[in-house]
Amino acid sequence: MSKHPSSYLSSKLEGRLKADQSGNSIFAREAIKRGELIAVFGGVVYEWETFIRLSERERMLCLQVEDRLFLVPRPIGEGDFVNHSCNPNAGLSGQIGLVAMRDIQIGEEVCFDYAMCDTMPYDEFDCLCGAPNCRGHVGGNDWQLPQLQKRYAGFFSPHVQRRIDAQKAERRAFARAMRNARSGAIIQPSVAPLYE
Ligand SMILES: [Zn+2]
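What you see is a predicted model; the values in this text were computed from it and never measured. (Residues numbered from 1 in each chain as written. Predicted model: local features only at pLDDT ≥ 70, side-chain atom pairs only at ≥ 80, totals over all residues.)

Student: Even after reading the chapter, I still don't get the overall build of the protein chain, so can you show me in this structure?
Tutor: From N to C terminus, the protein chain includes 4 helices and 13 strands. Across its three principal axes, the protein chain shows a C-alpha extent of roughly 80 × 40 × 30 Å. Across the protein chain, every contact between residues at least 6 apart in sequence was considered, and the portion connecting residues at least 24 apart equals 66%. (Helix = DSSP H or I, 4+ residues; strand = E, 2+ residues; numbered from the N terminus. Contact = placed C-beta atoms within 7 Å.)

Student: I tried to follow the nonpolar core on my own but got confused; where do I start?
Tutor: One broad trend across soluble globular proteins is that nonpolar side chains are buried collectively. I38, L98, V110 and M116 are the most contacted members of the largest nonpolar core, which has 35 residues in total. Secondary structure elements with two or more residues in this core: β3 (24-28), β4 (37-40), β7 (69-72), β9 (90-93) and β10 (97-100). Every residue in contact with V110, bar those within four places of it in the chain, is listed here: L13, I26, F27, A28, I38, V82, N89, A90 and I104. (Core = buried A, V, L, I, M, F, W, Y, C linked by C-beta atoms within 7 Å. Buried ≥ 20, exposed ≤ 12 C-beta atoms within 10 Å, placed from the backbone.)

Student: Hey, could you run me through the sheet that holds strand β5 (residues 44-47) in this one?
Tutor: Paired through backbone hydrogen bonds, the strands of a sheet run either parallel or antiparallel to each other. Ordered in space as β5-β7-β6, the 3 strands form an open sheet in which the pairing is antiparallel. In the strand order of this sheet, the two ends are held by β5 and β6 (63-66), each with one partner. Within the sheet, the average angular offset between the axes of one strand and its neighbour, ignoring direction, is 40°. One ladder, built from 4 bridges, connects β5 with β7; its direction is antiparallel. Directly across from V44, in β7, lies its bridge partner V72. (Pairing = 2+ DSSP bridges. Axes fitted to C-alpha atoms, helices over the stretch in contact; angles between N-to-C directions.)

Student: I keep staring at the confidence of the model for the protein chain and nothing clicks. Help me out?
Tutor: The predicted coordinates of low-pLDDT regions are not to be read in fine detail. Averaged over every residue, the pLDDT of the protein chain is 91; residues scoring 70 or more account for 91%. Across residues 190-196, confidence stays below pLDDT 50; counting only partners more than four residues off in sequence or on other chains, it has 0 contacts. (pLDDT = per-residue confidence, 0-100.)

Student: Whenever I open this one, the environment of K3 confuses me. Can you help?
Tutor: Its place among the elements puts K3 in the segment before β1 (8-9). Considered as a pair, K3 and E78 are 75 residues apart in the sequence and their alpha carbons are 12 Å apart.

Written as structure tokens, this is what we have:
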């Protein structure tokens, strides 16, 4: 019954149709300070198996919030049209919050990088964001790129951050095992005779 959109968009922003009519975008109507809250995404949460059967439009507007869970806006509102950029001015705060990564000027489009939340191949595309550092293709494994992990530290969705932390812990454990194996190879021959 309610037509109230499931996502919140700060009154400092507005949704607009892109100049080439190819879709909607979110623009700053007022200046926004670094760290300021821009949007809070809402909707219905679907598991992967059900989610992939939804319409393409719903899948494109969703936000991955956990390992195999997806938030689909319903009803759709202006706040659900935040586009991807490889050089974003916004990042995630928790699972559903969007905050400014830097000061945003009036008239700027607000974008975030889908690598901050995506770990599944449900919305992969050739990127036309036009940023000088555009990586050309956006995919479900981009969160693993070391330069993105460094650039977006503190702006990843918690489920992605957990995977990054696990990957780092695994690398450290591997490096430790290699070090132990190497030192073991040197020590062993001199120690071994004592036990004979
Ligand atoms: Zn790009």
